[in-house]
Amino acid sequence: MTSQDQSLDTIKDIKRMMERSSRFISLSGWSGVSAGVCALIGAYFANKRIHEMFSNGLPDQSYDGIGMRSIFLFNDLIVIAALTFIGALITAFLFTFLRTRKHGVPLWDRTVQRLVWNTFLPIAVGGLVLLRALSLGYFELIAPGCLIFYGLALVNASKYTLGEIRYLGYGQLILGIFNLYDFHNGIMYWALGFGVLHIVYGLVMWWKYERVSQ
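First things first, this report covers the structure right here in the doc. Model, not experiment: these values are computed from the prediction.

A count of helices and strands for the chain gives seven helices and two strands. Ordered by position from N to C terminus, the α and β elements of the chain give α-α-β-β-α-α-α-α-α. Residue burial in the chain is summarised as follows: out of 214 residues, 35% are buried. Residue pairs at least 24 apart in sequence account for 74% of intrachain contacts in the chain once pairs closer than 6 positions are excluded.

What follows is the structure, given as structure tokens:
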């Protein structure tokens, strides 16, 4: 090995150490896949519940200007969304935890704290905006709003983890904007964004970063 080759190896080692100190690069591709699968399952049950509710032919009795059937449906959808989120969070955490243990890197350090904060802030602000939209009765804004604020969170967090995650964020933003002009297909956009895009992203990340190390 020549001195030039040794210098290049040294530079690569320094670059890897700098990346580990400034970015959390142990996100597992299977975390994205598992989150996407949970989202697709949730979208399936939500779509099934919608069809069941509106195919039974029962009158939609009014309550303060809002149909009772709509209120019951919305409550059911909230429960489905909450269970989907919890399932996705648990499985994503599990796969990432296993990968950090495999590579001997800390799961919670200064870099991870910055990553969590930059992810949480847009989502928290978006949650407050969407809660206000709910209180005003703008239910059609919930699906596109979730996609848009989640996309902003991913783009914002890409500075502290794998840079490719910003492309997942761009995809969420594009779908959310399309959904703003196609309110009646919110479940479809939700499934595409949180489901299909997550699975595609997870498989690409696994192929690029994890396949060789296994």
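Right, let's talk about the packing of helix α5 (residues 142–157) against helix α7 (residues 186–210) for a bit. Axis separation between α5 and α7 bottoms out at 8 Å; the angle between their running directions is 30 degrees. Judged by the angle between their axes, α5 and α7 are roughly parallel. Contact residues: α5 offers A143, C146, L147 and Y150, while α7 offers G186, Y189, W190, G193, F194 and H198. Class assignment for the residues of the contact of α5 with α7 results in seven nonpolar, three polar and no charged.

At a minimum axis distance of 7 Å, the contact between α5 and helix α6 (residues 165–180) shows a crossing angle of 160 degrees. In terms of axis orientation, α5 runs roughly antiparallel to α6. Relative to α6, α5 is oriented so that their crossing is left-handed. Contacts between α5 and α6 involve A143, P144, L147, I148, Y150, G151, L152, L154 and V155 from the former and I165, R166, L168, G169, Y170, Q172, L173, L175, G176, I177, N179 and L180 from the latter. Its residues placed into classes, the contact of α5 with α6 shows 15 nonpolar, five polar and one charged.

With that settled, the discussion passes to α6. The first and last C-alpha atoms of α6 sit 23 Å apart over 16 residues, in line with the 22 Å expected at 1.5 Å per residue. Taken together, the buried positions of α6 are I165, L168, G169, G171, Q172, L173, L175, G176 and N179.

On to the side chain of E164. Inspection of the secondary structure assignment puts E164 in the loop between α5 and α6. On the basis of relative accessible area, E164 is assigned to the buried category, the value being 17%. A polar atom in the side chain of E164 sits 2.6 Å from the side chain of Y209. With near-sequence residues (within four places) excluded, E164 lies in contact with Y201, M205, K208 and Y209.

Counting residues in hydrophobic clusters, the biggest one holds 14 residues, and the most contacted among them are L147, L154, I165, L168, W190, F194 and Y201. Put simply, the parts of the chain that give this core at least two residues each are α5, α6 and α7. At five residues, α7 tops the list of elements feeding residues into this core.

Quick notes on the rules
Residues numbered from 1 in each chain as written. Predicted model: local features only at pLDDT ≥ 70, side-chain atom pairs only at ≥ 80, totals over all residues. Heavy atoms only, no water. Helix = DSSP H or I, 4+ residues; strand = E, 2+ residues; numbered from the N terminus. Buried < 20%, exposed > 50% of the residue type's maximum accessible area, 1.4 Å probe, protein only. Contact = heavy atoms within 4.5 Å. Axes fitted to C-alpha atoms, helices over the stretch in contact; angles between N-to-C directions. Parallel < 35°, antiparallel > 145°, perpendicular 65-115°, else oblique. Nonpolar A, V, L, I, M, F, W, Y, C, P; charged D, E, K, R; others polar. Left-handed = near helix turned anticlockwise from the far one by under 90°. Expected span 1.5 Å × (residues − 1). Polar contact = N/O pair within 3.5 Å; in protein donor to acceptor, adjacent residues only side chain to side chain. Core = buried A, V, L, I, M, F, W, Y, C linked by side-chain atoms within 4.5 Å.

Distances and angles like these do not, on their own, reveal function.
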